[in-house]
Amino acid sequence: MLKVISFTICPFVQRVTGWLEAKGLPYEIEYISLKDKPQWFLDLSPSAQVPVLITESGQALFESDAIVEYLEEAYGPLNPNRTPEEKAVDRAWSYLASKHYLVQCSAQRSTDEATLNERSVKLEKAFATVEKALGDARFFNTSEVGMVDIAWLPLLHRAAIIEKHRGYDFLAGYPQVKRWQQHLLFTGLAEKSVSDDFEAAFSDFYLSEQTFLGRGCDCPPGTSASDNACASATCC
C-alpha cells in the first residue's frame, strides 16, 4: 500500500493526499514533527521536507510536483484523454498553485494589518491570474476534478477556513475563483485529505493571538488585502 509521510497542516501534503482521495486509492499516512524530525525520515527525504511518498515497491519519493506526476503516470490521470499540450498546461497551472503555498502561509502568519497587506500581494496576483482562466465548467475547465483542481485545493481550503472563522476573504473580488472554491469544497475532498484535527491545528497556528487574523481583525465579510509588496515565505 502507498504510504505518505506528513505534517498535519502542510499544504504540500494535502496536494498529494487530495489526489489520492480523488482517485480513490487506499494509502497509509504517518505524521511527524518538523521540529524534531526523526533520522529515518531524514534518510528518506533529501530535502528534509514533507511530503514523502513510499511507493508500493518501497521507493521513497519527495517533492509534491514529482509525487503527483508519478501518481498520474502509475495509476492513471484524474482527467484521462488529455493531449500532450493539455497535460503540459495542467502541469503549469499546478506549479503556479504550489509556488504560492508558502506565500499563503506567510500571509496567514502576519502579525499586523500592514504586514498582511504586504504579504498578500503575490497571492492576490495568483488568484487574479487564475480568475481569467476559469470558464463555465464546475472545475478547472473540466466537469470532473483534475490535477489542477487538486493543486489549488490547499489554497482554496485554507482561504475558506479563515473566512469561516474570521470573516476575512482572500478571494474577495474574484467571483470565478470563489465559485470554483465552492464547487471544489462541495466534493468533500478538503476534509478527506486532511487529519480529523486539521482545522483545530491550523487555527492554533494561523489564528492564534500571535497573528493579526487570530486576534480578530475586525474584517467585514468579503474583506481582502490591499496591494503593496511581495512576501518572504516561511511555513511548514
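Residues numbered from 1 in each chain as written. Predicted model: local features only at pLDDT ≥ 70, side-chain atom pairs only at ≥ 80, totals over all residues. Heavy atoms only, no water.

## Description of empty space enclosed by the protein
For the coordinates displayed, the defined rule picks out one cavity of 30 Å³ or more. Here the largest cavity defines a volume of roughly 50 Å³. In terms of lining, the largest cavity is formed by 13 residues, of which the most central are S6, T8, V13, S193 and V194. Those elements that place two or more of their residues in the lining of the largest cavity are α1 (11-23) and β2 (27-31). Taken together, the residues of the lining of the largest cavity break down into seven nonpolar, five polar and one charged. (1 Å grid on protein atoms, 1.4 Å probe; cavity = no way out; pocket = protein on both sides within 12 Å on 5 of 7 lines; lining within 4 Å. Points joined across faces, edges and corners; volume = space filled by probe spheres on them. Helix = DSSP H or I, 4+ residues; strand = E, 2+ residues; numbered from the N terminus. Nonpolar A, V, L, I, M, F, W, Y, C, P; charged D, E, K, R; others polar.)

## A short note on the layout of surface pockets
If you roll a probe as big as a water molecule over the atoms, it shows you where there is empty space left. By volume, the second largest pocket amounts to about 210 Å³. Contributing to the lining of the second largest pocket are E69, E72, E73, P77, L78, N79, R82, K87, D90, R91 and M147. Only α3 (64-75) and α4 (84-98) provide two or more residues apiece to the lining of the second largest pocket. Class assignment of the residues belonging to the lining of the second largest pocket gives a composition of three nonpolar, one polar and seven charged.

## Quick notes on the packing of α1 against helix α5 (residues 101-108)
Here α1 crosses α5 at 130 degrees, and the two axes come no closer than 9 Å. If you check the angle between α1 and α5, you find them oblique. Counting all contacts with α1, which are made through P11, F12 and R15, the residues of α5 involved are Y101, L102 and C105. Taken together, the residues of the contact of α1 with α5 break down into five nonpolar, no polar and one charged. (Axes fitted to C-alpha atoms, helices over the stretch in contact; angles between N-to-C directions. Parallel < 35°, antiparallel > 145°, perpendicular 65-115°, else oblique. Contact = heavy atoms within 4.5 Å.)

## Brief notes about the packing of helix α8 (residues 147-166) against helix α9 (residues 175-186)
For any two helices packed against each other, the geometry comes down to the angle between their axes and how far apart the axes lie. Relative orientation of the contacting elements α8 and α9 amounts to 95 degrees, with a least axis distance of 9 Å. Here α8 lies roughly perpendicular to α9, going by the angle between them. When α8 is examined against α9, the residues V148, D149, W152, L153, L156, H157, A159, A160 and E163 are found in contact with a partner set consisting of V177, K178, W180, Q181, L184 and L185. Considered class by class, the residues forming the contact of α8 with α9 number 10 nonpolar, two polar and three charged.

## Brief notes about α5
Counting buried positions along α5 yields seven of eight residues, so the element is predominantly enclosed. By the burial criterion, the buried members of α5 are Y101, V103, Q104, C105, S106, A107 and Q108. At its buried positions, α5 is contacted by α1, α4, α6 (113-119), α7 (121-133), α8 and α11 (198-206). (Buried < 20%, exposed > 50% of the residue type's maximum accessible area, 1.4 Å probe, protein only.)

## Thoughts on the packing of aromatic side chains
In the structure shown here, the tally under the stated rule is 12 aromatic pairs. Taken together, a centroid distance of 6.4 Å and an interplanar angle of 45 degrees make the contact between F127 and Y174 tilted. Taken together, the residues F127 in helix α7 and Y174 in the loop between α8 and α9 connect sequence positions 47 residues apart. Residue classification places F127 among the buried residues on the basis of a relative accessible area of 1%. An angle of 80 degrees between the planes, with centres 4.8 Å apart, marks the rings of F205 and Y206 as edge-to-face. (Phe/Tyr/Trp six-rings, centres within 6.5 Å; stacked < 30°, edge-to-face > 60°.)

## Examining the environment of L42
As for its position among the elements, L42 is in helix α2 (residues 39-44). Each residue touching L42, except ones within four places of it in the same chain, is listed here: K37 and A48.

## Thoughts on the sheet that holds strand β3 (residues 52-54)
An order of β2-β1-β3-β4 is seen for the four strands of this open sheet, with the pairing classed as mixed. Of all the strands in the sheet, the pair left with one neighbour each is β2 and β4 (60-62). Strand-to-strand twist of the sheet, defined as the mean angle between neighbouring strand axes without regard to direction, takes the value 25 degrees. Of the strand pairs in this sheet, strand β1 (residues 2-6) and β2 are connected by five bridges, and their pairing is parallel. The residue of β2 that forms the bridge with V4 is I29. Its contacts with the sheet put α1 on β1 and β2, and the angle it makes with β1 is roughly 155 degrees. Set on the sheet, α3 makes contact with β1, β3 and β4; between it and β4 the angle comes to about 125 degrees. (Pairing = 2+ DSSP bridges.)

These results come straight from atomic positions and should not be treated as a statement about function.
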